[in-house]
Amino acid sequence: MKNKSKMTAMFSRPEMGAVLPIIVMVVIIGMVNPNFFAVRNLVDVARATSYSFIIAAPLTCLFISGGSDLSVSAVTNLGGIVCGWAMASMGLPIPLAVLVTLAVGVVCGLIKAGIVVKLSLPPFIMTLGLQYVINGFVLVSTNGLPITGFSDSFKVLGQGRLAGVYWTIIIAVIEGILIHIMLTRTKFGRQICAVGGNQETAKLAGIDVNKTRTIVNVLVSVLAAFCGICMASRFNSAQTTVATGTEMTIMSSVIIGGTSMMGGSGTIIGSLLGCLLLAVINNGLVLMHVSSFWQNLIFGAILIISIIIDKYRREKSGSGL
Amino acid sequence: MNETVLEMRHVTKRFPGVIALDDVNLDLRKGEILGICGENGAGKSTLMKVLSGSFASREYEGEIVIDGKPQTFDNVAMAQSSGIEMVYQEMNMMLDSSVAENLFVGNLPGRRGWVDYKTLYANTRELLKQAGLDLDPGELVRPLNSGQMQMLSLMRAVAKKPRILVLDEPTTALTDSEVEILMKLLGQLRDSGVSCIYISHKLEEIYKLCDRVLVLRDGHTISCYDIDKVVEATLIEEMVGRKVENLYPKTSHVCEEEVLRVEHLSVPHPNIRGKYIVEDISFSLKKGEILGIGGLVGAGRSESLGAVFGQYTNHVKKEVYIEGQKVEINSPKDAIANGIGFVTEERKRNGIIWMLSIRENVAVASLDKITSGMFIDGKKEEEQVKELSDKLRIKAPNLETKLIQLSGGNQQKVILAKWLLNNPKILFMDEPTKGIDVGTKADFYQLMSDLTKQGVSIVMVSSDMPELISMSDRCLVISNGRITAELEKEQINEINVMRAAIAE
């Protein structure tokens, strides 16, 4: 009896909201096409999850701090291109190229923070603008052409495995654990929650609100740029629009995972489940031979529904007593 | 002249837990100006909200009678169609529209959806001339100063040719010469047969302008006088006179040593250039003392505390000495490092974080204290928060309870606990018991008394007269950004405070 109520309590937590839909989707897809359960396919799902989760984890922190970022996909595109350019055109060794790319990520994060934090402008629309600027820059500087011709050792990151597990999955797991610990156990994590929960209160409690928001913004852009490196490595070529459009699915994953768009609350595990759900759906659409034209429609609907759920969740907790 | 245009009969308005208006009666005659005065929270604004239709008629009891006919107003438009216009303290201007559009919003002249700008501008010029405003009808409103905007919002109401005009503290943003124009204008309106209700703290204005005056206190109608038959002292007495219940376990623990001295504190107005909310005030605080700060809402009391605490820094001038040492406070962080805590007035806006737990809320201002190395010491945090929560008797299922689920009084205790966790030497408390129930209030007063016994010093801003009188060891009264009285314990009484609070 007590166990049962514990179970109920666990599943009523907002971050567990994605569990039931995942189970439902898995059952439906598995019934239509049993190939879903093939090890190869499950690995594909996990791999797809890892790419979006690498960005979703820091984005969760940003949402908790009350921010938002539509420029992540553009920074991912930029990251791949910069890394490819550094290796193929400048002839830099791989570690140096990666460092240059991460530095570009830091710069993107600082520019974004300068706009939304320092000038305190609305993040949603400003990062949309930034997305266009960065994507435009990527296209102008490459003429829209992919960059190729990397050394074989560059492939390890995106294609290599350790004991049968893709490196990106291992990296995503480690990153997730670190960010989870940061969010729940450190002073900085507590400051993120306070700033997103109530900026005025946080400021009066002696927290440097702008500094906290800036660091979280930079973290998101750096990891988005890093994800770009992983993608370039995976496809052995840096493509200008490889991540275009993913910002919406990643944001949906975070919100489905129980993180509020209004700031103050959210969990990394929830975002992981959100990423997994969208990866399962995406994979299922292919396996069930649904036309890829349906994808946009379905993902758009999921985004809208997840935000509606977020609203009701907040209202419910608001009238909780 | 004696014909009654408006009567409000037996109006009672309840909010959850509070009766804001209790059987209030009012009558207004044709072509007169009726002043309404009373303390903060006496019910003046609520009464006018009833009249303006801001509350639907089923939300209150009582009757509104216009020209002898009972009316029911369910929204503002219904009240307006009966000829009632309000001019509020906050000016709801469309900042990026022209002066003319603002004045005639809702009834622009024209035909078939087209605006007749020629007529509009001509009508506007006439109104502007009446108001003594040297503005162009096509000018945008945004760059205007707040005095001009206040005059515009008055003219917007006048443009609708109301029969009953209600003004709520219309002169707070006006300069002396603008006040003159306003007075003249209201005089003209009265002569043309318009009836006015004029709400003000400033008795001087009431005497100059009004024909009769109505006093409200704690939601009751206290009295109504012809203005030439009542002296100022009587009005003040009636505004404040009420029984003081004994819920104040105050004992004095004032020591000789000075813990805080603030000199030459000036805080500029955030919107009006060249105007100061607080102008060159100085005060000091002794160890174990409760320094009360009285005055009317908007006199600059909260801003003074916020400026010392580092909440406002823009163009603030101040010198702060703590235990005789000059200190620089440029942010709340500096203030906290110097042992100051700040229980703010609006707990929803800048006191609590509603979606976080009691534990997280209490710890938020003392994260350094519970952090060892990189990580928060969960056990230490739990112990220290638990100890405070027990001491303050915070009522909640456990420390993980979210703040939104607590009552206002318990939320307020959480805010106090947040600052006590830091072991402050000095506590700023802005309206510490606003909106909390009597039982919790008594707890709060006991805690404040205990704190001063332990050597903590408190600066308390309060609009609650009995609280201010009973809890303060010494009391400053601020009016219009200046200190108008410093009262020793035995001098602190309602009359002295009120007199200083309305002093110019």
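Please refer to the structure placed before this passage.
Please read these numbers as outputs of a predicted model, since none were measured by experiment.

*Asks:* I'm lost on the overall build of chain B in this one. Help?
*Replies:* When helices and strands are counted, chain B shows 18 helices and 24 strands. Dimensions of chain B, computed from the C-alpha atoms along their principal axes, are close to 75 × 45 × 45 Å. When the 504 residues of chain B are sorted by exposure, 44% land in the buried category. Put simply, of all contacts in chain B between residues at least 6 apart along the chain, 70% involve residues at least 24 apart.

*Asks:* What should I look at first to understand the overall build of chain A in this one?
*Replies:* When you go through chain A residue by residue, the secondary structure sums to 14 helices and 2 strands. Relative to the compact-globule value of 20 Å for 321 residues, chain A shows a C-alpha radius of gyration of 20 Å, a close match. Taking the principal axes of the C-alpha coordinates as reference, chain A spans close to 65 × 55 × 35 Å. For chain A, buried positions account for 46% of its 321 residues. The contacts in chain A between residues at least 6 apart in sequence include a share of 80% that link residues at least 24 apart.

*Asks:* Explain the interface of chain B and chain A to me, please; I cannot follow it from the model alone.
*Replies:* Often, the extent of an interface is quoted as the loss of accessible area upon association of its parts. On the chain A side, the residues contacting the 23 residues of chain B number 20 residues. Counting only elements with at least two residues in the side of chain B that touches chain A, the list comes to helix H10 (332–337), helix H11 (347–350) and strand E20 (375–376) of chain B. When residues in the side of chain B that touches chain A are grouped by element, the largest group, 3 residues, is from H10 of chain B. In terms of residue class, the side of chain B that touches chain A is made up of 14 nonpolar, 6 polar and 3 charged.

*Asks:* Would you take a moment to explain the sheet that holds strand E15 (residues 290–295) of chain B for this structure?
*Replies:* Strands in a sheet are paired, the pairing made by backbone hydrogen bonds, and the direction either parallel or antiparallel. Residue and element names in this part refer to chain B. With respect to topology, 6 strands assemble into an open sheet ordered E18-E21-E22-E15-E23-E24, the strand pairing being mixed. Bordering the open sheet on either side are strand E18 (340–343) and strand E24 (482–488), each of which pairs with just one other strand. Sheet twist, expressed as the mean angle between neighbouring strand axes with direction ignored, is 15 degrees. Where E18 meets strand E21 (residues 426–430), 4 bridges bridge the pair, whose relative direction is parallel. Considered in E21, the bridge of valine 343 is made with methionine 429. In the packing of helix H18 (residues 494–501) onto the sheet, the strands contacted are E15, strand E23 (474–479) and E24, and the crossing angle to E23 comes to about 30 degrees.

*Asks:* Looking at this structure, I do not really get the packing of helix H2 (residues 19–32) of chain A against helix H13 (residues 268–287) of chain A. What am I missing?
*Replies:* Residue and element names in this part refer to chain A. It is at 10 Å that the axes of H2 and H13 come closest, and there the two elements cross at 20 degrees. Judged by the inter-axis angle, H2 sits roughly parallel to H13. Where H2 crosses over H13, the handedness of that crossing is left-handed. Within the contact between the two elements, H2 uses Val19, Pro21, Ile22, Met25, Val26 and Ile29 and H13 uses Leu273, Leu276, Leu277, Val280, Ile281, Gly284 and Leu287. A per-class count over the contact of H2 with H13 returns 12 nonpolar, 1 polar and no charged.

*Asks:* So what exactly am I meant to see when it comes to the pairing of E15 of chain B here?
*Replies:* Along any regular strand the residues' side chains alternate between the sheet's two faces. Residue and element names in this part refer to chain B. Burial of E15 is extensive: 6 of the 6 residues sit out of reach of the surface. Looking at chain direction, E15 and strand E22 (residues 457–461) are connected through 4 bridges and run parallel. Each residue of the ladder has a partner; that of leucine 291, found in E22, is valine 459. By the bridge criterion, 5 bridges tie E15 to E23 in an arrangement that is parallel. Each bridged residue has a counterpart across the sheet, and for isoleucine 293 the counterpart in E23 is leucine 476.

*Asks:* I'm lost on the environment of asparagine 296 of chain A in this one. Help?
*Replies:* Residue and element names in this part refer to chain A. By the element assignment, asparagine 296 lies in helix H14 (residues 293–318). Among the residues examined, asparagine 296 registers 11 C-beta atoms within 10 Å and is labelled exposed. Spatially, the C-alpha atom of asparagine 296 lies 9.4 Å from that of glycine 245, the residues being 51 residues apart in sequence.

*Asks:* Please clarify how the environment of serine 462 of chain B should be interpreted in this entry.
*Replies:* Residues and elements named next belong to chain B. By the element assignment, serine 462 lies in the loop between E22 and helix H17 (465–471). Note on serine 462: 23 C-beta atoms within 10 Å, which makes it buried. Separated by 123 residues in the primary sequence, serine 462 and glycine 339 have C-alpha atoms spaced 22 Å apart. What serine 462 contacts, discounting residues up to four positions off in sequence, is Gly292, Gly294, Glu431, Glu467 and Leu468.

*Asks:* Sorry if this is basic, but what is going on with the sheet that holds strand E14 (residues 276–286) of chain B here?
*Replies:* Residues and elements named next belong to chain B. Spatial ordering of the open sheet is given by E14-E13-E16-E17, a layout of 4 strands whose pairing is antiparallel. At either end of the open sheet lies a strand with only one pairing partner, and these are E14 and strand E17 (325–327). Ignoring which end each strand starts from, the neighbouring axes of this sheet average 15 degrees apart. Together, strand E13 (258–268), E14 and strand E16 (317–322) form the strand contacts of helix H9 (residues 301–309), whose direction differs from that of E13 by roughly 110 degrees.

*Asks:* Honestly, the packing of helix H4 (residues 72–88) of chain A against helix H5 (residues 94–118) of chain A in this entry has me stumped. Any pointers?
*Replies:* For any two helices packed against each other, one specifies the inter-axial angle together with the distance between the axes. All names here are of chain A. As a packed pair, H4 and H5 sit with axes 9 Å apart at the nearest point and diverge in direction by 145 degrees. By crossing handedness, the relation of H4 to H5 is classed as right-handed. Taken together, the residues of H5 that come into contact with H4 (itself represented by Val75, Leu78, Gly79, Val82, Cys83, Ala86 and Met87) are Ile94, Ala97, Val98, Val100, Thr101, Val104, Gly105 and Cys108. Residue classes in the contact of H4 with H5 are distributed as 12 nonpolar, 3 polar and no charged.

About the thresholds
Residues numbered from 1 in each chain as written. Chains lettered and ligands numbered in written order. Predicted model: local features only at pLDDT ≥ 70, side-chain atom pairs only at ≥ 80, totals over all residues. Helix = DSSP H or I, 4+ residues; strand = E, 2+ residues; numbered from the N terminus. Buried ≥ 20, exposed ≤ 12 C-beta atoms within 10 Å, placed from the backbone. Contact = placed C-beta atoms within 7 Å. Rg over C-alpha atoms; globule rule 2.2 N^0.38 Å. Nonpolar A, V, L, I, M, F, W, Y, C, P; charged D, E, K, R; others polar. Pairing = 2+ DSSP bridges. Axes fitted to C-alpha atoms, helices over the stretch in contact; angles between N-to-C directions. Parallel < 35°, antiparallel > 145°, perpendicular 65-115°, else oblique. Left-handed = near helix turned anticlockwise from the far one by under 90°.

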